[in-house]
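One-letter residues, chain by chain:
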Amino acid sequence: MKFASGAKFAVLSFLCVMALAFSMGFALSSLLTRAVEGWEWENTAALARREAELRGIDTLLAAHGETPIDERGRQELARLMQGLPEVVRVKVWDRNATVLWSDEPRLIGQRFPDNDELKEALAGQVSVEIKTLEGREHAYERTGYTTLAEVYVPIVSRTTGQVVGVVEVYKSPLRLLAAIQRARLVIWTISLAGALILYVVLFPLVRQVYGRQVREEALQAHAAELEAQVTARTRELEAQREALFQAEKVAAMGQLLAGVSHELNNPLSTIVGYTQLLLRRVGADPMAEQLAKIASSAERCTRIVTNFLALARQYPPERQLTQLNQLVDDAVELLSYSLRIDGVDVVRRFAPDLPLLWADPHQLQQVIVNLLTNAHQALRSVPTRRRLTLTTRYERASDRILLEIADSGQGVPADIRTRIFDPFFTTKAPGQGTGLGLSLCRGIVDAHEGFLRLEATPGGGATFVVELPAGAPAEAAEAQRAVTTIVPEPGKAILVVDDEPFVADLLAEALMLDGHRVEAVNSGAAALSRILARDYDLVFSDMKMPGMSGTDLYDEAARRRPGIERRFVFVTGDTMNPTTRQFLERTGATSVTKPFDIDGIRRLVPQHTAARAAVALRS
């Protein structure tokens, strides 16, 4: 429900005046209550002391420890009630908290050492309390009363000045409470009436002053709101512009990395392939050790090129059986130079018996590289003890595989722990981050039915945990077993097409290891002439070639010799090209990525033959 500003002011001012009235009424009634009660109990205590002096009660109490109280003393004690108005009971206590005399004979001789008010009185203080008669010492009063005021009056010896006993007076508070209630009613009436009069008199003047102030404040608030909106929208536009710039920069870097990687594929294929062939030929020759070192370095270069392509997102999402430990090793190798020059000690704690993952290795490698890069940047702010601990383990109870990436940096502040996975949120300086890394990582892990979380790190630092489900679909595992059990089938007629003579010769030599009849040509036009002239069981072709490309060769061969297109296997380093990927998806043709493995090329022949036989049986 909305009110006009005048109505709001009227309501608010009325509430303020009433709040003032209530505050004054409460304060005055409280002061009055304390004053009246104080006067009442002080008067009662004074009367009790006077009666005790008149009756010589202090002398009786002082002598009580040596001689018992005689009949005359009891009569004097009984006369105490005669001079105390509205008193319903009197108790006289000695120093030992024992009832020496009372108008209720059953109380005489009883001890109540746990009575706190009595203890205060024996210490010399007058104690007053209005009670509901629930204590053990009120057993004889609660039958006739529900509430009584207890006044404990210490009796001081006139000769020694010591407290020799206590006179406890039970007094009905009804008259006092009724008088206080009437006084409160008068005070509240005066307070409320005065507040109303004040409101009626002052309201017009205050409204005029307040109205002008409200208008000024409303204008200022509106201006501030507009300014805040402009500032927020400006920041939002700047963030979007920065994110767009970073995205374009990442895309450009991806194109550059992919281009460099593609140019390296052909020479790497030659180095890797011929090294593997030479290792087969030399056997136990002393040269084998040198060749093994070349093969190891070439394989490292191959992994680096593959990692570049993965970071450039040049691979379509494709799940396969994946070994997590190998992915982590590859990511560390990709960043090994920068980690080494910054003095980061990388500790690997890998579980040796990890099950395989059913995952996209390139996407998971992006996640791992991003987390390692963030940890590396956090360690740069630490002058010493730069340690990066990588742990993998398998939890059998949940059938999950875990990767923990822990650094010894300064950790993530508690106030931003819940925001670090938000898109565009970053703690880095402008130009050093987009705030998209962790958000994209969580998206990839979620797509793999896993979890990415930040955990507390004992001793400081940050620990990111990647949790993924283990295992693979049954059909995928069966396909993996089938790949390893296929036996080579020699005697096939194979045509190899590649504009790089070294690569073409390498492919031919690798295929001839299994006794195949292989011909190699270096152009698409020459390959088409061979295909039209004779029959081949398989055609291994490059994708990008001058003149007639691999796709042109495929289409022309299919047009002029229908059926031959099903025998094509493309060997290419051009996976970065969307047109290439679309062609492979459209045709369903088999493809191998450069740099390739010699044994992988050899296994393709029986695999392709088996696949063609299966298609023939289904048709």
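Just so it is clear, the model here is predicted, and its values are computed rather than measured.

### Brief notes about the environment of Arg319
Inference 1: Its location among the elements puts Arg319 in the loop between α6 (287–311) and β6 (320–322).
Inference 2: In sequence terms Arg319 and Asp360 are 41 residues apart; their C-alpha atoms lie 4.2 Å from each other.
Inference 3: Setting aside chain neighbours within four positions, we find Arg319 in contact with Trp358, Ala359, Asp360, Ala447 and His448.

### Remarks on unusual backbone geometry
Inference 1: In this structure, Ala97 takes a positive phi of about 60° despite not being glycine.
Inference 2: With respect to the element layout, Ala97 can be found in the loop between β1 (87–93) and β2 (99–102).
Inference 3: Relative accessible area serves as the criterion here: at 8%, Ala97 is assigned to the buried category.
Inference 4: Of note in the backbone geometry, Glu449 takes a positive phi value of approximately 60° without being a glycine.

### Quick word on the packing of helix α7 (residues 324–334) against helix α9 (residues 361–379)
Inference 1: Where α7 meets α9, the axes come as close as 9 Å, and the angle between the chain directions of the two elements is 50°. When the axes of α7 and α9 are compared, the pair comes out oblique. Judged by the sense of rotation from one axis to the other, the crossing of α7 with α9 is right-handed. Counting all contacts with α7, which are made through Leu324, Leu327, Val328, Asp330, Ala331, Val332 and Leu334, the residues of α9 involved are Pro361, Leu364, Gln365, Ile368, Val369 and Leu372.
Inference 2: When its residues are assigned to classes, the contact of α7 with α9 shows eleven nonpolar, one polar and one charged.

### Quick notes on the pattern of salt bridges
Inference 1: Under the definition given, this model contains 19 salt bridges.
Inference 2: Residue Arg453 pairs with Glu467 through a salt bridge whose shortest N-O separation is 2.9 Å. Pair noted here: Arg453 is in strand β11 (residues 451–455) and Glu467 is in strand β12 (residues 462–469), with a separation of 14 residues, a long-range link.
Inference 3: Classification of Arg453 as partly exposed rests on a relative accessible area of 27%.
Inference 4: The partner of Arg559 in a salt bridge is Glu556, with the nearest N and O atoms 2.4 Å apart. Pair noted here: Arg559 and Glu556 are both in helix α14 (residues 550–560), with a separation of three residues, about one helical turn.
Inference 5: A residue is classified by how much of its surface remains accessible, and Arg559, at 59% relative accessible area, is exposed.

### Section: the sheet that holds strand β10 (residues 400–407)
Inference 1: In space, the five strands of this open sheet follow the order β7-β9-β10-β12-β11, with mixed pairing throughout. Sheet topology places β7 (345–349) and β11 at the edges, where each strand pairs with a single neighbour. Ignoring strand direction, the axes of neighbouring strands in this sheet form an average angle of 15°.
Inference 2: Two elements, β11 and β12, share five bridges in a ladder whose sense is antiparallel. Within the sheet, the bridge partner assigned to Phe451 lies in β12 and is Glu467.
Inference 3: Sheet strands in contact with α9 are β9 (387–395), β10, β11 and β12, and its direction is about 25° off that of β10.

### Considering the pairing of β9
Inference 1: Pairing of β7 with β9 involves five bridges; the strand directions are parallel. Paired with Arg349 across the bridge in β9 is Thr391.
Inference 2: The pairing of β9 with β10 spans eight bridges and is classified as antiparallel. Residue pairing in the sheet places Leu390 in a bridge with Ile405 of β10.
Inference 3: Where β9 folds back onto β10 in an antiparallel hairpin, the turn is made up of four residues, including Asp399, whose phi is positive at roughly 55°.

### As for the sheet that holds strand β17 (residues 590–593)
Inference 1: A sheet is described by the order of its strands in space; here five strands give the open sequence β14-β13-β15-β16-β17, paired in parallel fashion. Each edge of the open sheet is held by one strand with a lone partner, namely β14 (517–521) and β17. The mean angle between the axes of side-by-side strands here comes to 20°, regardless of whether they run parallel or antiparallel.
Inference 2: The pairing of strand β13 (residues 493–497) with β14 spans five bridges and is classified as parallel. Bridging from a neighbouring strand, Ala493 pairs with Arg517 of β14.
Inference 3: The sheet strands contacting helix α12 (residues 501–512) are β13, β14, β15 (538–541) and β16 (568–572), and the helix crosses β14 at an angle near 175°.
Inference 4: Its contacts with the sheet put α14 on β13, β15 and β16, and the angle it makes with β16 is roughly 170°.

### As for the side chain of Thr391
Inference 1: Residue placement: Thr391 occurs in strand β9.
Inference 2: Residue class for Thr391 comes out buried when judged on its relative accessible area of 17%.
Inference 3: If we ignore the near neighbours within four places in the chain, the residues touching Thr391 are Arg349, Leu402, Leu403 and Glu404.

### Comments concerning the packing of aromatic side chains
Inference 1: Scanning all chains against the criterion turns up six aromatic pairs.
Inference 2: Here the aromatic rings of Tyr554 and Phe570 are separated by 5.9 Å at their centres, their planes lie at 50°, and the arrangement is tilted. Separated by 16 residues along the polypeptide, Tyr554 in helix α14 and Phe570 in strand β16 bring together distant segments of the chain. In this structure, Tyr554 and Phe570 share a single accessibility class: buried.
Inference 3: A centroid spacing of 5.3 Å and a plane angle of 85° characterise the contact between Tyr554 and Phe583, whose relative ring orientation is edge-to-face. Linking Tyr554 in helix α14 with Phe583 in helix α15 (residues 578–587), this pair joins segments that are 29 residues apart in sequence. Taken as a pair, Tyr554 and Phe583 share a single burial class, namely buried.
Inference 4: Taken together, the aromatic side chains of Tyr554, Phe568, Phe570 and Phe583 make up a single cluster linked through ring pairs.

Conventions used here
- Residues numbered from 1 in each chain as written.
- Predicted model: local features only at pLDDT ≥ 70, side-chain atom pairs only at ≥ 80, totals over all residues.
- Heavy atoms only, no water.
- Helix = DSSP H or I, 4+ residues; strand = E, 2+ residues; numbered from the N terminus.
- Contact = heavy atoms within 4.5 Å.
- Buried < 20%, exposed > 50% of the residue type's maximum accessible area, 1.4 Å probe, protein only.
- Axes fitted to C-alpha atoms, helices over the stretch in contact; angles between N-to-C directions.
- Parallel < 35°, antiparallel > 145°, perpendicular 65-115°, else oblique.
- Left-handed = near helix turned anticlockwise from the far one by under 90°.
- Nonpolar A, V, L, I, M, F, W, Y, C, P; charged D, E, K, R; others polar.
- Salt bridge = Lys/Arg side-chain N within 4 Å of Asp/Glu carboxyl O.
- Pairing = 2+ DSSP bridges.
- Phe/Tyr/Trp six-rings, centres within 6.5 Å; stacked < 30°, edge-to-face > 60°.

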